[in-house]
Amino acid sequence: MPNWGGGAKCAACEKTVYHAEEIQCNGRSFHKICFICMSCRKGLDSTTVAAHESEIYCKSCYGKKYGPKGYGYGQGAGALSSDPPGQNAHLHSKPSPSATNSNPNKSSQKFGGSDRCPRCSKAVYAAEKVMGAGKPWHKTCFRCALCGKSLESTTVTDKDGELYCKVCYAKNFGPKGFGLGNAAMLEERE
């Protein structure tokens with residue numbers, strides 16, 4: 001059957017994709033509205049897509065399905081450094097005639113619904129999210145509140161929603177007295 005429109009077939013819905021609405025990922029074409037995560041159905045773009053064979057996912061769902069397993073990865077590893085080489089999608093989007101969103105209420109809901117970093121108050125997206133003290137943080141903001149040292153899941157301690165390295169936490173909030181690493185003196189007894 002001839003391809004009258006000249007467009008490729010969408011990998012998701014198998015209908016013709018015209019040039020103005022085409023997004024390419026791993027050599028396959030998609031309509032912009034069909035370029036969604038196979039698990040959670042969120043819309044994808046070049047910064048949020050992770051491909052596995054013929055399937056496309058958001059980085060959060062990809063991390064949950066194909067990322068590392070075990071203690072410390074319970075929040076979804078995303079698709080950061082856990083991706084095998086060559087698994088990240090190569091994405092090319094055709095320029096669209098209008099880059100503005102026709103429904104401003106929808107865009108404000110999406111932006112307003114994203115997590116906020118307690119340190120800088122900016123949006124935290126799945127690819128950069130680190131959980132600590134029950135809150136999402138940027139990797140670059142995941143630092144000790146006192147000394148500024150970068151933290152990891154094995155070195156972080158929290159108090160009242162703030163993050164500390166174990167050394168600063170022990171100095172400021174740990175037990176005090178003789179033999180506990182502090183220079184405090186015990187009172188003399190009479």
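Residues numbered from 1 in each chain as written. Predicted model: local features only at pLDDT ≥ 70, side-chain atom pairs only at ≥ 80, totals over all residues. Heavy atoms only, no water.

The criterion, for reference: UniProt positions are given in the numbering used here, feature names are shortened, and annotations may be inferred rather than shown by experiment.
As annotated in an unreviewed UniProt entry, the protein chain carries the name Cysteine and glycine-rich protein 3 (cardiac LIM protein) and comes from Seriola dumerili. Per UniProt, the protein chain carries the Subcellular location (unreviewed entry) text "Nucleus".

1. Observations regarding the packing of aromatic side chains
In plain terms, the rule: When two rings of Phe, Tyr or Trp (its six-membered ring) have centres within 6.5 Å they constitute a pair, described as stacked for plane angles under 30 degrees, edge-to-face for angles over 60, and tilted for the intermediate range. The buried label goes to any residue with under 20% of its type's maximum accessible area, the exposed label to any with over 50%, and the partly exposed label to all in between, with areas taken from a 1.4 Å probe on protein chains only.
Counted by the stated rule, this structure contains 5 aromatic pairs. Between the aromatic rings of Y57 and Y66, the centroid separation amounts to 5.9 Å while the plane-to-plane angle is 65°, which identifies the pairing as edge-to-face. With a relative accessible area of 29%, Y66 lands in the partly exposed category. Ring pairs connect the aromatic residues Y57, Y62 and Y66, which therefore count as one cluster.

2. Points about unusual backbone geometry
The line we're drawing: Here a strand is any run of E in DSSP of at least two residues, a helix any run of H or I of at least four, and the numbering for each starts at the N terminus.
Backbone geometry places E14, a non-glycine residue, at a positive phi of 65°. Assessed through its relative accessible area of 61%, E14 is described here as exposed. In the Ramachandran plot, R41 falls in the positive-phi region, its phi being about 70° despite a non-glycine side chain. Mapped onto the secondary structure, R41 falls in the loop between β4 (28-31) and β5 (49-52). Owing to a relative accessible area of 55%, R41 belongs among the exposed residues under this scheme.

3. Observations regarding the pairing of strand β11 (residues 135-138)
Put simply, the rule reads: One requirement defines pairing of two strands: DSSP has to find at least two bridges between them.
Pairing of strand β10 (residues 129-132) with β11 involves 4 bridges; the strand directions are antiparallel. Counterpart to M131 in the pairing with β11 is P136. The turn linking β10 back onto β11 is made up of 2 residues, and A133 within it adopts a positive phi angle of 55°.

4. Concerning the pairing of strand β12 (residues 156-159)
In this structure, β12 lies alongside strand β13 (residues 162-165), joined through 4 bridges in antiparallel fashion. Bridge pairing in β13 places D158 opposite L163. With antiparallel pairing between neighbouring strands as the criterion, β12 and β13 make up a hairpin whose turn holds 2 residues, including D160 at a positive phi of roughly 55°.

5. A closer look at the pattern of salt bridges
As a reminder of what qualifies: The term salt bridge refers to a pairing of a side-chain nitrogen on Lys or Arg with a carboxyl oxygen on Asp or Glu at a separation within 4 Å.
A complete count under the given rule lists 2 salt bridges for this structure. A salt bridge links K129 to D115, with the shortest nitrogen-to-oxygen separation between them at 3.0 Å. Remark: D115 occurs in strand β8 (residues 115-116) and K129 occurs in strand β10; sequence separation between them is 14 residues. Look at K129 and you get partly exposed, because its relative accessible area is 31%. A salt bridge links E162 to R119, with the nearest nitrogen and oxygen atoms 2.2 Å apart. Here E162 is found in strand β13, whereas its partner R119 is found in the loop between β8 and β9 (123-124), with 43 residues between them in sequence. A relative accessible area of 33% places R119 in the partly exposed class.

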